[in-house]
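Fold and contact review
One-letter residues, chain by chain:
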Amino acid sequence: MSNDTNVDDSPEGAPDDAPGESQRERSSDRQGDRSPVTDSGDRPEESDGRPTEGVGRESEPDESEQRPSDGFDEGPDGGDDDIETVEDLGSEVDVDPGVEIDEENAEDDLLGGLKIDSTSDIEVPDRLVDQVIGQDEARDIIIKAAKQRRHVMMIGSPGTGKSMLAKAMSQLLPQEDLQDVLVYHNPDDGNEPKVRTVPAGKGEQIIDAHKEEARKRNQMRSILMWIIIAIVVGYAILSGQILLGILAAGIIWFIFRYTSRGTDAMVPNMIVDNGDQRQAPFEDATGAHAGALLGDVRHDPFQSGGMETPSHDRVEPGGIHKANKGVLFVDEINTLDVRTQQKLMTAIQEGEFSITGQSERSSGAMVQTEPVPCDFVMIAAGNLDAMENMHPALRSRIKGYGYEVYMDDTIEDTPEMRRKYARFIAQEVDRDGRLPHFTREAVEEVILEAKRRAGRKEHLTLEFRSLGGLVRVAGDIARAEDAEYTTRDDVLEAKGRSRSIEQQLADDYIERRKDYELQVTQDGVEGRVNGLAVMGEDSGIMLPVMAEIAPAQGQGQVIATGQLKEMAEESVQNVSAIIKKFSDVNLSEKDVHIQFVKAGQQGVDGDSASITVATAVISALEDIPIDQSVAMTGSLSVRGDVLPVGGVTHKIEAAAKAGCTKVIIPKANEQDVMIEDEYDEMIEIIPCSNISEVLEVALMGEPKKDSLVDRLKSITGSAFDQQAVGSASGSNPSLQ
């Protein structure tokens with residue numbers, strides 16, 4: 001853009017503009033960069049010492065080379081050679097000298113062979129990119145994107161490190177010539193302020209010089225005003241017209257005070273100040289409204305009469321302008337208004353964006369500045385649903401000029417990863433600054449919890465936000481006791497205190513229902529099964545399912561109640577197909593009523609209750625009681641196969657808390673069981689692979705039960721291994 005104006009922006013006493021190459025020439029060397037044109041050219045002073053008219057482009061001063069380098073320049077060599085390969089970043093856990101790693105026992109050691117007494121022995125890396133754990137692909141992309149200034153979109157579960165990677169990218173960006181942005185009054189059109197960019201740190205000098213010049217001018221005007229007032233008053237006294245002289249003096253004072261506002265309006269407004277910035281800016285614009293993201297112009301209640309605030313003084317920068325030459329991070333990108341996303345896309349494409357009032361009824365809407373530089377790297381983040389409401393053109397812009405990456409939820413459990421998890425605890429202690437360091441036993445307990453929360457055998461969770469919450473709660477407990485270290489007992493206590501709201505509700509529900517008719521007994525009940533469900537992400541609950549058969553008034557149908565969601569309704573339909581195949585009862589003359597007891601207003605979603613519904617209905621049809629000490633979970637195919645489901649660990653623990661002694665789970669989920677030690681002796685876990693195996697365990701009444709199971713075996717063509725059943729009844733086949 002061209003900023004040729006008649007603004008006197010270099011008053012007497014202001015620092016001279018250093019000659020040099022223009023910003024367009026400097027920025028054009030960067031690959032793929034589209035730096036906006038900021039000013040029209042260098043501005044030499046005239047022979048009388050006064051600056052020429054027009055806004056000039058400031059060249060970079062030599063002191064910018066004295067700033068400490070960032071990102072890739074932070075290595076010992078002062079260049080890029082310290083980052084030769086992505087794999088070298090954070091691949092090893094740094095410990096104090098003398099601390100060894102026992103490679104021989106690393107596989108079986110919870111700390112991966114790390115020989116430490118506490119986390120104080122672990123050295124925390126300085127750079128954020130070296131602190132990232134587990135997200136190797138995302139970290140690789142961030143490093144490449146930082147070097148090439150590419151946009152990135154990260155999609156994944158909350159707490160998996162998206163914001164941390166975004167901050168790490170601001171440290172990795174190559175050294176840039178940061179800028180201050182000044183907004184000037186436009187004498188030709190007050191509603192179109194002029195914009196000027198200068199090297200970082202020089203904006204404050206220019207403003208100070210303008211203020212000093214304005215102070216000198218006001219001082220000269222004041223002296224002139226008082227001289228004129230003195231002459232007028234003296235003449236009035238000599239002529240005997242004192243009242244007229246006082247009136248004239250008042251008018252003169254008012255005129256001088258009114259016109260002095262024009263001098264103050266010449267002082268520019270610095271909307272972006274990078275004078276103290278030593279690395280690329282990082283702006284978190286998550287949840288920002290349009291004005292905070294795109295810039296705004298404050299409303300002026302006094303729009304006339306000489307009391308108004310100059311328009312350039314009311315200009316407010318947006319996150320896109322503050323992130324110039326740096327990183328703009330927007331989490332939950334889909335929550336932005338569609339029009340805001342369109343304007344954001346324009347800013348990304350053009351590298352500059354004018355600031356105007358965002359409220360249509362505000363006086364600021366009449367003001368629109370010249371384009372303001374906003375050459376930033378965009379990092380958009382969100383959950384899986386973020387892609388649904390994201391503007392297609394904005395996503396295409398990011399994808400076309402950058403990367404898309406999915407954040408992993410879990411990672412394979414290896415000795416190296418366990419060592420990194422120990423370092424993660426050290427990082428949390430170091431970042432908080434108030435927590436006692438963790439003992440070796442406490443670190444082992446946190447890693448065990450990471451295994452458990454993964455929900456998969458031989459994996460560790462990557463949802464570090466919730467795991468970090470556990471670390472902080474445990475540290476707070478130790479600190480409250482004024483302990484030197486956080487111990488394993490503190491971690492165990494923290495696990496109880498840091499329960500989610502869903503888990504607290506589930507525990508309360510289980511405790512309450514023991515006092516009422518839903519209490520688990522050893523008796524058999526026809527058509528009633530103890531199903532298992534999950535509330536939230538980590539809270540198991542027992543959800544009874546009842547079935548009743550009634551004569552049909554017309555065509556027989558399956559009726560299910562309990563606020564069933566779409567997937568749950570589909571699973572009921574699949575179960576009805578299985579029942580028609582496996583049962584001798586003519587369902588065309590029967591109505592099958594299925595009730596999810598105590599489902600509540602949240603209803604039931606998912607298909608993990610399929611075997612529960614099938615068992616309840618078959619029991620009601622065949623008049624065979626169900627053992628009420630048994631709970632179960634699992635999906636069911638239309639052919640009778642038991643399919644894997646999620647949350648088995650939490651469901652098993654919920655069944656144990658409710659008083660059940662046996663629990664049926666899909667055989668495919670057997671490797672995912674990571675229950676707490678306290679539940680090992682409380683409940684027997686029985687994995688099953690088809691419906692006949694489920695009924696063999698759950699039903700009571702030997703003659704009718706055996707006949708039904710034999711018939712189902714012949715239909716499914718799968719033989720039930722009696723030896724496996726005997727082994728399951730004698731011991732727990734699922735080992736933690």
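Residues numbered from 1 in each chain as written. Predicted model: local features only at pLDDT ≥ 70, side-chain atom pairs only at ≥ 80, totals over all residues. Heavy atoms only, no water.

Overview of the overall build of the protein
Stated precisely, the cut-off is as follows: Strands here mean DSSP runs of E at least two residues long; helices mean DSSP runs of H or I at least four residues long; both are numbered from the N terminus. Classification of residues uses two cut-offs on accessible area relative to the type maximum, computed with a 1.4 Å probe and protein chains only: under 20% is buried, over 50% is exposed, and between them is partly exposed. Pairs of residues are marked as contacts when any of their non-hydrogen atoms sit within 4.5 Å. The protein chains shown are the only cover counted for residues, whose accessible areas, like all others here, come from Shrake-Rupley with a 1.4 Å probe.
Across its full length, the protein holds 22 helices and 27 strands. Counting all 736 residues of the protein, 52% fall into the buried class. For the protein, restricting intrachain contacts to residue pairs at least 6 apart in sequence, the fraction spanning at least 24 positions comes to 75%. Total accessible area computed for the protein in this model is approximately 34300 Å², and 47% of it derives from carbon and sulfur atoms.

Regarding the pattern of salt bridges
Filter applied, for reference: Salt bridge, as applied in this entry: a Lys or Arg side-chain nitrogen positioned within 4 Å of an Asp or Glu carboxyl oxygen.
Evaluation of the coordinates by the stated rule reveals 28 salt bridges. A salt bridge links Arg139 to Asp136; its shortest N-O distance comes to 3.5 Å. Of the two residues, Arg139 and Asp136 are both situated in helix 3 (residues 136-148); the distance of three residues between them amounts to about one turn of the helix. Taking the relative accessible area as the measure of exposure, Arg139 reaches 4% and is therefore buried. Measuring nitrogen to oxygen at the nearest pair gives 2.8 Å for the salt bridge that ties Glu449 to Arg453. Taken as a pair, Glu449 and Arg453 lie in helix 13 (residues 440-454) at a separation of four residues, close to a single helical turn. Here Glu449 falls in the buried class, since its relative accessible area comes to 5%. For Arg453, a relative accessible area of 28% translates into the label partly exposed. Through salt bridges that share partners, Glu445, Glu449, Arg452, Arg453, Arg488, Lys495, Glu653 and Glu676 make up one connected network.

Observations concerning the pairing of strand 1 (residues 151-155)
Put simply, the test is: Strand pairing follows a simple DSSP-based rule, namely that at least 2 bridges must link the two strands.
Where burial is concerned, most of strand 1 is hidden: five out of the five residues are buried. Bridge analysis of strand 1 against strand 12 (residues 402-406) gives five bridges, and the strand direction is parallel. Across the sheet, residue Met154 finds its bridge partner in strand 12, namely Val405.

So, the nonpolar core
Note the threshold: Here, nonpolar core means buried Ala, Val, Leu, Ile, Met, Phe, Trp, Tyr and Cys residues that are tied together by side-chain atoms lying within 4.5 Å of each other.
Core analysis: the largest hydrophobic core is formed by 42 residues, its most contacted members being Ile594, Val617, Ile664, Val694 and Leu695. Here the element with the most residues in this core is helix 18 (residues 610-622); it accounts for eight residues. Setting aside anything within four residues of it in sequence, one finds Ile594 in contact with Val545, Met546, Val558, Ile559, Ala560, Thr561, Val572, Val613 and Val617. In this structure, Leu111, Leu114, Phe424 and Leu435 belong to the second largest nonpolar core, which totals 31 residues.

A short note on the packing of aromatic side chains
The following threshold applies: We call Phe, Tyr and Trp rings a pair once their centres come within 6.5 Å, taking the six-membered ring for Trp, and we label the pair stacked below 30 degrees between planes, edge-to-face above 60, and tilted otherwise.
For the structure on display, the rule yields three aromatic pairs. Between Tyr421 and Phe464, the aromatic rings sit 5.2 Å apart at their centres with planes inclined by 45 degrees, giving tilted as the arrangement. With Tyr421 in helix 12 (residues 415-432) and Phe464 in helix 14 (residues 464-480), the pair connects residues that are 43 residues apart, well separated along the chain. Here the two residues Tyr421 and Phe464 agree in accessibility, since each one is buried.

With respect to a nonpolar patch on the surface
Quick reminder of the rule: In this analysis, a patch consists of residues with relative accessible area above 30% that form no salt bridge, clustered at 9 Å for like charges and at 5 Å for the nonpolar side chains Val, Leu, Ile, Met, Phe, Trp and Tyr.
The grouping of Trp226, Leu244, Leu247, Ile251, Trp253, Phe254 and Ile255 at the surface amounts to a nonpolar patch, some 770 Å² of accessible area in total. Examining the composition of the nonpolar patch, we find that six residues originate from one element, helix 6 (residues 242-259), more than from any other. Looking at Trp253, the relative accessible area reads 40%, which means it is partly exposed.

Looking at the confidence of the model for the protein
Where we set the bar: Every residue gets a pLDDT, meaning the predictor's confidence in that residue, from 0 to 100.
Confidence along the protein averages 77 in pLDDT terms, with 74% of residues attaining 70 or more. When the elements of the protein are averaged for pLDDT, helix 22 (residues 722-730) gives the smallest value, 37, and strand 14 (residues 437-438) the largest, 96. Note that residues 718-736 has pLDDT below 50 and, in this model, 30 contacts with residues that lie over four places away or in other chains.

As for the packing of helix 12 against helix 13
For clarity, the cut-off: For helices, the axis comes from a line fit to the C-alpha atoms of the stretch in contact; other axes are also lines fit to C-alpha atoms, and the angle between any two N-to-C directions lies between 0 and 180 degrees. These descriptions rest on fixed angle ranges, namely under 35 degrees for roughly parallel, over 145 for roughly antiparallel, 65 to 115 for roughly perpendicular, and the rest for oblique. Each crossing gets its hand from how the near helix is turned against the far one by less than a right angle, where anticlockwise is left-handed and clockwise is right-handed. Gly is placed with the polar residues, together with every amino acid not listed as nonpolar (Ala, Val, Leu, Ile, Met, Phe, Trp, Tyr, Cys and Pro) or charged (Asp, Glu, Lys and Arg).
Contact geometry for helix 12 and helix 13: axes closest at 10 Å, N-to-C directions at 115 degrees. Regarding the angle of helix 12 to helix 13, the classification is roughly perpendicular. Seen along the crossing, helix 12 lies across helix 13 with a hand that is right-handed. Taking contact as the criterion, the partners of Arg418, Tyr421, Ala422 and Ile425 in helix 12 are, on helix 13, Val443, Val446, Ile447 and Ala450. Among the residues making up the contact of helix 12 with helix 13, the classes are represented as seven nonpolar, no polar and one charged.

Topic: helix 11 (residues 392-400)
What counts, and what does not: What the arc covers is the set of directions going from the helix axis to the C-beta atoms.
Those residues of helix 11 that sit buried are Leu394, Arg397 and Ile398. Projection of helix 11 onto a plane perpendicular to its axis shows the buried side chains occupying an angular sector of 95 degrees, all on one side. Residues of helix 11 that are exposed and point over 90 degrees away from its buried face: Pro392, Lys399 and Gly400. The inward-facing, buried residues of helix 11 contact strand 1, helix 10 (338-350), strand 11 (377-382) and strand 12.

Overview of the environment of Ile664
Assignment of secondary structure puts Ile664 in strand 26 (residues 662-666). Classification of Ile664 as buried rests on a relative accessible area of 0%. Sequence-wise, Ile664 and Val630 are 34 residues apart; in three dimensions their C-alpha atoms are separated by 7.4 Å. If near-sequence neighbours (up to four positions away) are discounted, Ile664 is found in contact with Ile611, Val630, Ala631, Met632, Thr633, Ile686, Cys688, Val694, Val697 and Ala698.

Brief notes about helix 4 (residues 162-172)
Where burial is concerned, most of helix 4 is hidden: eight out of the eleven residues are buried. Within the span of helix 4, buried status applies to Lys162, Leu165, Ala166, Ala168, Met169, Ser170, Gln171 and Leu172. Buried-residue contacts for helix 4 involve helix 2 (128-131), helix 3, strand 1, strand 5 (282-284), strand 8 (327-330) and strand 11.

A few points about the side chain of Ser692
Defined as follows: Polar contact is defined as a pair of N or O atoms within 3.5 Å, subject to the rule that within protein one atom must be able to donate a hydrogen and the other to accept it, and that residues adjacent in sequence are counted only when both atoms are side-chain atoms.
Secondary-structure assignment places Ser692 in helix 20 (residues 691-698). A polar contact of 2.3 Å, which involves the side chain of Ser692, links it to the side chain of Asn690.

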